[in-house]
Amino acid sequence: MPVTEVGTSDDLLTELSDWVKLETPTTDAAAVNRLMDIAEAELARAGAGITRIPGRDGFGDTVIARTAGYGKPIVVAGHLDTVWSHGTIERMPYVVHGPRAHGPGIYDMKAGSFLAFHVLRSILRQRVATPRPIVLLLTPDEEVGSPTSRWLIEREAAQAAAVLIPEPAGPGGACVTARKGIGRFVMRVAGRGSHAGGAFEDGASAIVELSHQIIGLHRMVDTERGITLNTAPVWGGSRPNVIAPDAGCEIDLRVASAGDGEAMEARLLSLSAKTPGCQVTVEGGMNRPPYSETPAISALYERARDIARQVGLALPKQQRGGGSDGNFSAALGVPTLDGLGCPGAGAHASHEHILWQDLAPRAALLAGLLETLGRD
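Model, not experiment: these values are computed from the prediction. Position labels on residues start from 1 in each chain and follow its written sequence. Only residues with pLDDT of at least 70 get local features here, since the model is predicted, and only at 80 or more are side-chain atom pairs given and counted; chain-wide, interface and lining totals rely on the full set of residues. The basis for every side-chain value is the complete set of non-hydrogen atoms in the structure, without hydrogens or water.

(A) Structural detail: the overall build of the chain. Secondary structure assignment for the chain yields 10 helices and 18 strands. Taken over C-alpha atoms, the radius of gyration is set against a globule rule of 2.2 Å times the number of residues to the power 0.38. Here the C-alpha atoms of the chain give a radius of gyration of 23 Å, agreeing with the 21 Å that 2.2 N^0.38 yields for 376 residues. Taken over 376 residues, the chain has a buried fraction of 52%. Summarising the internal contacts of the chain: among those between residues at least 6 apart in sequence, 80% fall at separations of at least 24. What sets the accessible areas is the Shrake-Rupley method with a 1.4 Å probe; for residues, cover comes only from the shown protein chains. Accessible surface for the chain amounts to roughly 15,900 Å². Of this, 52% is attributable to carbon and sulfur atoms. Positive and negative side-chain charges of the chain, numbering 35 and 42 respectively, have mean locations separated by a distance of 3 Å. Counting from the N terminus, the helices are the DSSP runs of H or I reaching at least four residues and the strands are the DSSP runs of E reaching at least two. Classification of residues uses two cut-offs on accessible area relative to the type maximum, computed with a 1.4 Å probe and protein chains only: under 20% is buried, over 50% is exposed, and between them is partly exposed. Contact between two residues is taken to exist if any of their heavy atoms lie within 4.5 Å; hydrogens are not considered. Just so you know, the count uses Lys and Arg for positive and Asp and Glu for negative, and it drops His and the chain ends. For charged residues, the charge sits on one atom: NZ in Lys, CZ in Arg, CG in Asp, CD in Glu.

(B) Geometry of the sheet that holds strand S7 (residues 162–164). In space, the 6 strands of this open sheet follow the order S1-S2-S6-S3-S7-S16, with mixed pairing throughout. Two strands in the sheet have a free side with no partner beyond their single neighbour: strand S1 (49–53) and strand S16 (336–337). Where strand S3 (residues 74–79) lies against S7, 3 bridges are found, and the strand directions are parallel. From the neighbouring strand, Val-75 faces S7, where its bridge partner is Val-163. Whether two strands pair depends on DSSP finding at least two bridges between them.

(C) Inspection of the pattern of salt bridges at higher detail. The rule for a salt bridge is simple: a side-chain nitrogen of Lys or Arg has to be within 4 Å of a carboxyl oxygen of Asp or Glu. Under the defined criterion, the tally for this structure stands at 21 salt bridges. Residue Lys-317 is joined to Glu-293 by a salt bridge in which the shortest nitrogen-to-oxygen separation is 2.7 Å. In this pair, Lys-317 is assigned in strand S15 (residues 317–320) and Glu-293 in the loop between strand S14 (279–288) and helix H8 (295–310), connecting sequence segments 24 residues apart. Residue class for Lys-317 comes out partly exposed when judged on its relative accessible area of 41%. Residue class for Glu-293 comes out partly exposed when judged on its relative accessible area of 26%.

(D) How the structure looks around the pairing of strand S9 (residues 181–190). Relative to strand S13 (residues 246–255), S9 runs antiparallel, the two being bridged by 10 bridges. The partner of Met-187 across the bridge, within S13, is Cys-249. Pairing of S9 with S14, which is carried by 9 bridges, proceeds in the antiparallel orientation. Bridging from a neighbouring strand, Arg-188 pairs with Thr-281 of S14.

(E) Representation of the sheet that holds S14. Strand order in the open sheet formed by 4 strands is S11-S13-S9-S14, with antiparallel pairing between adjacent strands. Two strands lie at the open edges of the sheet, namely strand S11 (228–236) and S14, each paired on one side alone. Put simply, the sheet's adjacent strands are angled 15° from each other on average, direction ignored. Of the pairings in the sheet, the one linking S11 to S13 comprises 7 bridges and is antiparallel in character. Note that in S13 the partner of Leu-229 across the bridge is Leu-253. Convention adopted: a line fitted to C-alpha atoms gives each axis, helices being fitted over their contacting stretch, and angles between N-to-C directions are expressed from 0 to 180 degrees.

(F) Representation of the packing of aromatic side chains within the structure. Pairing of aromatic side chains requires ring centres within 6.5 Å, counting the rings of Phe and Tyr and the six-membered ring of Trp. Pairs whose planes differ by under 30 degrees are stacked, by over 60 edge-to-face, and all others tilted. The final tally for this structure, using the stated rule, is 3 aromatic pairs. On the numbers, 5.3 Å between centres and 80° between planes, the contact of Trp-19 with Phe-114 is edge-to-face. One end of the pair, Trp-19, is in helix H1 (residues 9–21); the other, Phe-114, is in helix H4 (residues 106–125), and 95 residues separate them in sequence. When the centroid spacing of 5.1 Å and the interplanar angle of 45° are considered together, the rings of Trp-19 and Phe-117 count as tilted. Here Trp-19, found in helix H1, pairs with Phe-117, found in helix H4; they are 98 residues apart in sequence, far enough to count as distant. Looking at Trp-19, the relative accessible area reads 2%, which means it is buried. Among the aromatic residues, ring-to-ring pairing joins Trp-19, Phe-114 and Phe-117 into one connected group.

(G) Examining the side chain of Ser-324 more closely. Its location among the elements puts Ser-324 in the loop between S15 and helix H9 (326–331). A polar atom in the side chain of Ser-324 sits 3.2 Å from the side chain of Arg-179. In protein, a polar contact means a hydrogen-donor-capable atom and an acceptor-capable atom, both N or O and within 3.5 Å, with residues adjacent in sequence counting only if both atoms are side-chain atoms; elsewhere, any N or O pair within 3.5 Å suffices. A distance of 2.9 Å separates a polar side-chain atom of Ser-324 from the backbone nitrogen of Gly-326. Those residues in contact with Ser-324 that sit more than four places away from it in its chain are Glu-142, Ile-165, Glu-167, Arg-179, Arg-288 and Asp-338.

Structure, rendered in structure tokens:
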């Protein structure tokens, strides 16, 4: 059992509710920074060493909190941004119905980031000794691919003994030991515009060409190998009586291996037009490498499962198609355990919720990991 007293789920939910009511859309740096301010102040008061990295490119700041100690640290990384725009709290309010606590971003992933913050604060306040120093990263832009925080995550992970990611737990409280890699691309088609009635044969429809390309993309899907592609949104043309001179789409690629990521990226970037008079260009690339379960990750999972039993939790494991910041650390070869946040459902959906009575046990699990990793 962990030494750290993490409190009750009721108490944790009370404080977490304040985080949920403070909306933090990724695209509003000032809003994200307001929650960063709260977390930074609390951790500093508890005795953490604080580094705050100013945001750039329209995103919020990153807060890094450290404990004293020697040797390679345990890094915990969570994000404070959500996919929800301002005003969502009005139509999708924070509310508790029995075992479920609802609200925008509560599941993905304010509950998990709050747990990481709360556990570190509790360890510091109670002066609990840990075998290794702890580094907590709170980042502002995970929901759009971590464009400004990736370098910080990779920098800290490269020096770490292990990385813990409190993204939402899966069904049955499952943690995550592998994730697919993600690629993002934009396809643009240039056609030749003309009058759809008076000069039909003079035109070259970018929409017709895009349709051929989308069908071709769908044929690249290979679910047995874990390769999927999705095209959305799709756009093109201006009026029904104009042959479309332009069209395009965004492409989401998911792969299970780094080799497939490289091959699919090369394939997409080399696509060419099938329709005379049209040109196709594709831009983009892999932005999250695959995260594969290794023997070291399996060992880390077994350690977590033992602690989970002690605090009364089952801890199954799963692989996920969605990416997280754990992809970055795992790709560096650093043992990474993900999905350590709170169970629930509805990420990015109107029924988003957590099973709030699991808050204290999940906090105890995280505390137990931080108290024992490195104590061999």
